[in-house]
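What follows is the residue order along each chain.
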Amino acid sequence: MTRGRHNVLVSSAGRRVSLLEHFRESIAALGTGGRVLATDISMFSSAFHRADEAFLVPRCTSDEFVPKLLALCDAHDVGLVVPTIDTELAALAAAREQFLAIGTTVAVSGPATVAIGADKVATNAWLVEGGFPTVRQSDVASVLADPGAWSFPVVAKPSAGSASIGVHVVESADELQPLEAAAGYVVEERATGDELSIDVLVGASGAVRDAVVRRRIEVRGGEVSKGVTVRDPEVIALAVSLGEALPDAYGVLTVQLFLDPIDRTMRVIEINPRFGGGFPLAWQAGARFPQWMLEELEGVPSTCTPAAWRDGLVMLRYDDAVFVDSSDLER
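Chains are numbered independently. Their residues run from 1 in the order of the written sequence. The predicted nature of this model means local features are confined to residues of pLDDT at least 70 and side-chain atom pairs, given and counted, to a pLDDT of 80 or more, with totals for whole chains, interfaces and linings taken over all residues. Calculated side-chain values reflect all of the structure's heavy atoms, with hydrogen atoms and water omitted.

Asks: Before we go on, may I ask you to explain the packing of helix H1 (residues 17-30) against helix H12 (residues 289-298) in this structure?
Replies: Any two packed helices are characterised by the angle at which their axes cross and by the distance between the axes. Geometry is summarised by axes, namely lines fitted to C-alpha atoms with helices restricted to the contacting stretch, and by angles between N-to-C directions that run from 0 to 180 degrees. Helix and strand definitions here come from DSSP, where helices need a minimum of 4 consecutive H or I residues and strands a minimum of 2 consecutive E residues; each element is numbered from the N-terminal end. Interhelical geometry of H1 versus H12 gives an angle of 45 degrees and a closest axis separation of 8 Å. Viewed along their axes, H1 and H12 adopt a mutual orientation that is oblique. Pair H1 / H12 crosses with right-handed handedness. Packed against H1, whose contacting residues are His22, Phe23, Ser26, Ile27, Ala29 and Leu30, the element H12 presents Pro290, Gln291, Met293, Leu294, Glu295 and Glu298 at the interface. The nonpolar class holds Ala, Val, Leu, Ile, Met, Phe, Trp, Tyr, Cys and Pro. Asp, Glu, Lys and Arg form the charged class, and all remaining residues, Gly among them, are polar. Broken down by class, the residue content of the contact of H1 with H12 amounts to 7 nonpolar, 3 polar and 2 charged. Our angle categories are set so that under 35 degrees counts as roughly parallel, over 145 as roughly antiparallel, 65 to 115 as roughly perpendicular, and the remainder as oblique. Two helices that cross are described as forming a left-handed crossing if the nearer one is turned anticlockwise from the farther one by less than a right angle, and a right-handed crossing if clockwise. Here, two residues are considered to be in contact whenever any of their heavy atoms come within 4.5 Å of each other.

Shown next as structure tokens:
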């Protein structure tokens, strides 16, 4: 952070109230006096109303998105922008130097890593090329041309999808047939075992600073609702290797893989270059990624304690609400 910019802006804040509070607590621990700001396309966002100040912005697909965010950062002394959704990552990765020019760091990897994470075909190709364990993948037409070469059930998913939207477990070639006409679908062998998400923190040097393994117990709407931290040295080592192999990685990555508990086979299926929805479990376990990110940017001694997070901590999520007067939604 430069020019006294101690504020943090959570972009596309949505329901990320916990993440917002993590940064607020981290700022308080550093004693910089910074604030936590939020942006969204709608005021019907819970995090929007929990921020110290919040602003409406165009959709991240709009040409006005980056200029608006730049202007807000410059006007409100923002030192760090924290993206939260896949669709804004490419625009922010491409504009990193523009933000740095005004003294603002964007917690996003470079365009190459964002492109790898954004497309399931690109993810699979990069994993295969790098020798990382992953699943067999193909397009729908190729699988239908030789269904005997595949062991059903298989998983069919949109190449550019997220949050498990459009994912199908397909039991036979006949079930797969209707998806041939759907644009952008890929087919993967079905990985089995425990589904794990690993929160990976990559520092400015490109070195991984910490990795926290979370086993998914229950998922709702594509986001983990019940989970538990698992200290597994082999999984951690794989996540560290991935994080340091990705080109120009920075900030937080969420790696998803399946681990067979019997033969210990691992299969990486996704790399999301942003905070995952289940990160509050890692935070509560002691992995203070937001604070460690801010310490690095502020140039103060780091309190980072790799692999010191609590093993076996269970998260059981429940619904809560933010209440606002209707007049507060009229802008």
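Asks: Which parts of the structure should I look at to understand the sheet that holds strand S1 (residues 7-10)?
Replies: Pairing between the strands of a sheet comes from backbone hydrogen bonds, and it takes one of two forms, parallel or antiparallel. Here, any two strands with at least 2 DSSP bridges between them count as paired. One open sheet holds the 5 strands; their spatial order is S3-S2-S1-S4-S5, and the pairing between them is parallel. A strand with exactly one partner marks an edge of an open sheet, and here the two such strands are strand S3 (53-56) and strand S5 (105-106). Summarising the sheet, strand S4 (residues 78-82) and S5 pair through 2 bridges and their orientation is parallel. The partner of Leu80 across the bridge, within S5, is Thr105. Its contacts with the sheet put H1 on S1, strand S2 (36-40) and S4, and the angle it makes with S2 is roughly 155 degrees. Here helix H3 (residues 65-75) sits on the sheet and contacts S1, S2, S3 and S4; the angle it forms with S4, its principal contact strand, is near 140 degrees.

Asks: I keep staring at the nonpolar core and nothing clicks. Help me out?
Replies: Here the nonpolar core consists of buried residues drawn from Ala, Val, Leu, Ile, Met, Phe, Trp, Tyr and Cys, with membership extended through side-chain atoms lying within 4.5 Å. Burial status follows relative accessibility: with a 1.4 Å probe on protein chains alone, a residue under 20% of its type maximum counts as buried, one over 50% as exposed, and anything between as partly exposed. Membership of the largest hydrophobic core comes to 64 residues, with the highest contact counts inside it found for Phe23 and Ile198. Leaving out residues up to four positions away in the same chain, Phe23 has contacts with Val8, Val36, Leu80, Val82, Phe275, Pro290, Met293 and Leu294. Residues Cys60, Leu72, Val78 and Val108 belong to the second largest nonpolar core, which totals 22 residues.

Asks: What is the right way to read the sheet that holds strand S7 (residues 154-158) from this model?
Replies: A sheet is described by the order of its strands in space; here 4 strands give the open sequence S6-S9-S7-S8, paired in antiparallel fashion. The sheet terminates laterally at strand S6 (137-139) and strand S8 (168-170), the two strands that pair on one side only. Within this sheet the neighbouring strands show an average axis-to-axis angle of 30 degrees, counted without direction. Two strands pair when backbone bridges link them, and S7 and S8 are joined in this way by 3 bridges, in the antiparallel orientation. Note that in S8 the partner of Val155 across the bridge is Val169. Taken strand by strand, helix H7 (residues 120-129) contacts S6, S7 and strand S9 (185-189), and its axis lies near 140 degrees from that of S6.

Asks: Help me out: how do you make sense of the pattern of salt bridges in this one?
Replies: Opposite charge on two side chains permits pairing when their charged atoms draw close. Salt bridges are identified by distance alone: a Lys or Arg side-chain nitrogen within 4 Å of an Asp or Glu carboxyl oxygen. Under the counting rule described, the total for this entry stands at 16 salt bridges. Here Arg35 and Glu53 are joined by a salt bridge, their closest N and O atoms 3.2 Å apart. You can see Arg35 sitting in the loop between H1 and S2 and its partner Glu53 sitting in strand S3, a full 18 residues away along the chain. Linked by salt bridges that have partners in common, Glu21, Arg24, Arg50 and Asp52 make up one network.

Asks: Teacher, can you tell me more about helix H10 (residues 233-245) here?
Replies: Count 3.6 residues to each turn of an α-helix, and residues three or four apart come out pointing the same way. Expected helix span is computed as 1.5 Å times (number of residues minus one). An ideal rise of 1.5 Å per residue puts 18 Å on 13 residues; H10 measures up with 18 Å between its terminal C-alpha atoms. By the burial criterion, the buried members of H10 are Val235, Ile236, Leu238, Ala239, Leu242 and Gly243. Taken around the axis of H10, the buried residues stretch over an arc of 160 degrees, which confines them to a single face. Considering only its buried residues, H10 is in contact with H7, strand S10 (194-202), strand S11 (208-220), strand S13 (251-259) and strand S14 (266-272). For H10, the capping residue at the N-terminal end is Asp232, with a side-chain oxygen 3.1 Å from the backbone nitrogen of Glu234. Think of the arc as the fan of directions from the helix axis to the C-beta atoms. Here a polar contact is recorded for every N or O atom pair within 3.5 Å, except that within protein the pair must consist of a potential hydrogen donor and a potential acceptor, and residues adjacent in sequence are included only if both atoms are side-chain atoms.

Asks: I tried to follow helix H4 (residues 86-94) on my own but got confused; where do I start?
Replies: All of the buried residues along H4 are Glu88, Leu89, Leu92 and Ala93. When H4 is viewed along its axis, its buried side chains cluster within an angular range of 130 degrees and face the same direction. Set apart from the buried face of H4 by more than 90 degrees, the exposed residues are Thr87 and Ala94.

Asks: I would appreciate a short explanation of the packing of aromatic side chains in the present structure.
Replies: By convention here, two paired aromatic rings are described through the distance between centres and the angle between planes. Stacked, edge-to-face and tilted labels apply to pairs of Phe, Tyr and Trp rings (six-membered ring for Trp) whose centres lie within 6.5 Å, assigned for plane angles under 30 degrees, over 60, and everything in between, in that order. One pass over the full model with this rule turns up 5 aromatic pairs. For the ring pair Phe275 and Phe279, a centre distance of 5.0 Å and an interplane angle of 70 degrees mean the geometry is edge-to-face. Across the pair, Phe279 and Phe275 agree in class, each one buried. Measuring from centroid to centroid gives 5.4 Å for Phe279 and Phe289, while their planes differ by 40 degrees, and the two rings are tilted. You can see Phe279 sitting in helix H11 (residues 279-284) and its partner Phe289 sitting in helix H12, a full 10 residues away along the chain. No difference in accessibility class separates Phe279 from Phe289, as the two residues are buried. What links up through ring pairs into an aromatic cluster is the set Phe23, Phe275, Phe279, Phe289 and Trp292. Cation placement over rings: the criterion is NZ of Lys or CZ of Arg within 6 Å of the ring centroid and within 35° of the ring normal. One Lys or Arg, Arg288, reaches over the ring of Trp283 and ends 4.1 Å from the middle of that ring.

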